[in-house]
Amino acid sequence: MIYHICGRRRSLHVDHPSGIQGPEIGCGTNLPDIYALLRPALRRLPAEAARGLTLHALELGFGRFLVDRRSREPDPSILGQRLWGLHFPNPIGLAAGYDKDGRVPEAMRRLGFGFVEIGTVTPRPQRGNPKPRVFPLEEDQAIVNRMGFNNSGLDALVARLSQRPRTGIVGVNLGKNRDSSDAAADYVEGVRRAAKLADYLVVNVSSPNTPGLRDLQRRSALASLLRPLVEARDESGGRVPLLVKIAPDLTPAEREDVASVVLDARIDGLIVSNTTIDRPAGLVSANAKETGGLSGRPLFAASTALLAEMHRLIRGKMPLIGVGGVTDAADAYEKIRAGASLVQLYTALVFAGPHLVTRIKTGLASLLSADGFASVADAVGTGQDRTAAKPNRSANRASQANATT
Ligand SMILES: Cc1cc2nc3c(=O)[nH]c(=O)nc-3n(C[C@H](O)[C@H](O)[C@H](O)COP(=O)(O)O)c2cc1C
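All figures in this text were calculated on a predicted structure; none of them were measured in a lab.

Draft legend 1. Representation of the overall build of the protein chain in the model. What the protein chain contains, in helices and strands, is 14 helices and 16 strands. Evaluated residue by residue, the protein chain yields a buried proportion of 56% over its 405 residues. Restricting to contacts in the protein chain with at least 6 residues of sequence separation, those with at least 24 account for 71%. For the protein chain, the exposed surface amounts to about 17100 Å²; the carbon and sulfur share of it is 54%.

Draft legend 2. A look at the pattern of salt bridges. According to the stated counting rule, one finds 21 salt bridges in the structure shown. With a closest N to O distance of 2.7 Å, E106 and R109 form a salt bridge. Here the residue E106 and the residue R109 both occupy positions in helix α3 (residues 105-110), the gap between them amounting to three residues, near one helical turn. We classify R109 as partly exposed; its relative accessible area is 33%. The partner of R233 in a salt bridge is D268, and the shortest N-O contact between them spans 2.9 Å. Placement of the pair is R233 in helix α6 (residues 219-235) and D268 in the loop between α7 (252-264) and β13 (269-272), with a sequence separation of 35 residues.

Draft legend 3. Just the site of the ligand, in detail. Looking at the ligand, there are 21 residues lining it, with A96, T120, G296, G325 and T347 nearest. One nitrogen or oxygen atom from the main chain of G296 is found 2.8 Å from an oxygen atom belonging to the ligand. Between the ligand and T347 there is a distance of 2.6 Å, counted from an oxygen atom to a side-chain nitrogen or oxygen. Grouping the amino acids of the shell around the ligand by side-chain chemistry returns six nonpolar, 13 polar and two charged.

Draft legend 4. Quick peek at the packing of helix α9 (residues 329-338) against helix α11 (residues 355-370). Interaxial distance between α9 and α11 falls to 8 Å at its minimum, and their mutual angle equals 55°. Between α9 and α11, the angle falls in the class oblique. Regarding α9 and α11, the two cross each other, and that crossing is right-handed. Where α9 approaches α11, its residues A329, A330, A332, Y333 and I336 are matched on the opposing element by I360, G363, L364, L367 and L368.

Draft legend 5. Inspection of the environment of G119 at higher detail. You can see G119 is positioned in strand β7 (residues 115-121). In this structure G119 comes out as buried when scored by relative accessible area, which is 0%. In sequence terms G119 and G102 are 17 residues apart; their C-alpha atoms lie 6.8 Å from each other. Those residues in contact with G119 that sit more than four places away from it in its chain are A96, G97, D99, K100 and N173.

Draft legend 6. Geometry of unusual backbone geometry. Residue T120 is reached from G119 by a cis peptide bond, and omega for that bond is 15°. Omega for the bond connecting V272 with S273 falls within 30 degrees of zero, at 20°, which places this linkage in the cis form. When you line up the elements, S273 lands in the loop between β13 and β14 (293-296). Positive phi is not limited to glycine here, since R266 has a value of about 60°. Under the relative-accessibility criterion, R266 is labelled partly exposed at 46%.

Draft legend 7. The arrangement of the sheet that holds strand β6 (residues 92-94) in detail. With respect to topology, eight strands assemble into a closed barrel ordered β6-β7-β10-β11-β12-β13-β15-β16, the strand pairing being parallel. Across this sheet, the average inter-strand angle for adjacent strands is 25°, counted without regard to direction. Here two bridges tie β6 to β7, and the two strands are oriented parallel to one another. Paired with L94 across the bridge in β7 is V116.

Each value, and the rule that gives it
Residues numbered from 1 in each chain as written. Predicted model: local features only at pLDDT ≥ 70, side-chain atom pairs only at ≥ 80, totals over all residues. Heavy atoms only, no water. Helix = DSSP H or I, 4+ residues; strand = E, 2+ residues; numbered from the N terminus. Buried < 20%, exposed > 50% of the residue type's maximum accessible area, 1.4 Å probe, protein only. Contact = heavy atoms within 4.5 Å. Areas by Shrake-Rupley, 256 points an atom, 1.4 Å probe, with all protein chains shown as cover. Salt bridge = Lys/Arg side-chain N within 4 Å of Asp/Glu carboxyl O. Near = heavy atom within 4 Å. Polar contact = N/O pair within 3.5 Å; in protein donor to acceptor, adjacent residues only side chain to side chain. Nonpolar A, V, L, I, M, F, W, Y, C, P; charged D, E, K, R; others polar. Axes fitted to C-alpha atoms, helices over the stretch in contact; angles between N-to-C directions. Parallel < 35°, antiparallel > 145°, perpendicular 65-115°, else oblique. Left-handed = near helix turned anticlockwise from the far one by under 90°. Pairing = 2+ DSSP bridges.

Given below as structure tokens:
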């Protein structure tokens, strides 16, 4: 039996080992934010060690102490959606890179995510770049990383996925080994081996930390890469959705090329976007000068502008997943209004902790209702003009505050 000390009211809530919720002793729905209590200690560790520790804690089942009961409640129906034949209970997903080896997808679902993307996985295990390779930019609410696809390889991931209960939606993000001379063969192997175990697959051609990887986004390279991948997917029996994840640093011409190639290749969706090699003006953290991909708040504007553009170029022919700099419900809503059917995040979770997921879902449901939308799907792409004209985020935040108080 486990006693949680509840929030400011200093009362007790009792969880029984059977999983049945015990009596509440004068308790509201909120546990103290344990992550907020742990974060000062985690901040003293190197960023990658802190991630390793939280992953391990989640593997051991400690995730249940990190969130309150609201995260276990069913999602409001306004957030539900059917895409690619899958029912997404809510549109907020965990982006690739946190759970590279598929160790904790179920624990992440229990934190409230509507779907979880694992990977990037490469055919063979690889160590990635030398450490340190993850650099927090505290003042900018951002991270620079140059991990370089460190992962345990397809064998380990496939073994884990084969064991998992098919509860939540799990996507597998595929990459190539750094020393591979045949990129297409690496991705084909990923598709063949993961197709039956994943709910969707992602062709990651946009990480900045594997030399030459992003060149695969160029028109002819992308077309020749996607052809055998679609064939391998079709030969795998089922028709697992195949998505492509792109970089925010594409030139206008490259964006048009990507749109026309993915439409021709019968790709099922786009993920917009990966980290950026750009360093937007205004970054203040010393770590901004580190080499690697920038994620978090400073990525929001560029990745959302690209999302809006891809939505226009794709003309509603495939769903888009918006990712980059989402820190609150207003950001998630803005991604949806720019054209995203689903939204992912990673960096904000590191700074804000797992309560963020429930907070975003609650706020998003309020924002949708306040604007008269009956569902997420109704709101997708409805803010195109506003996004193109640089949205007023402070106005958005004010409307969210009104909607949630
Ligand atoms: C430490 C770290 C590792 C990442 N690793 C991957 C990866 O392996 N594959 C991938 O497609 N994206 C990876 N990403 C990018 C994220 O999936 C996401 O696209 C990006 O961080 C933008 O979202 P955010 O601002 O919410 O973090 C990584 C991001 C971070 C911060």
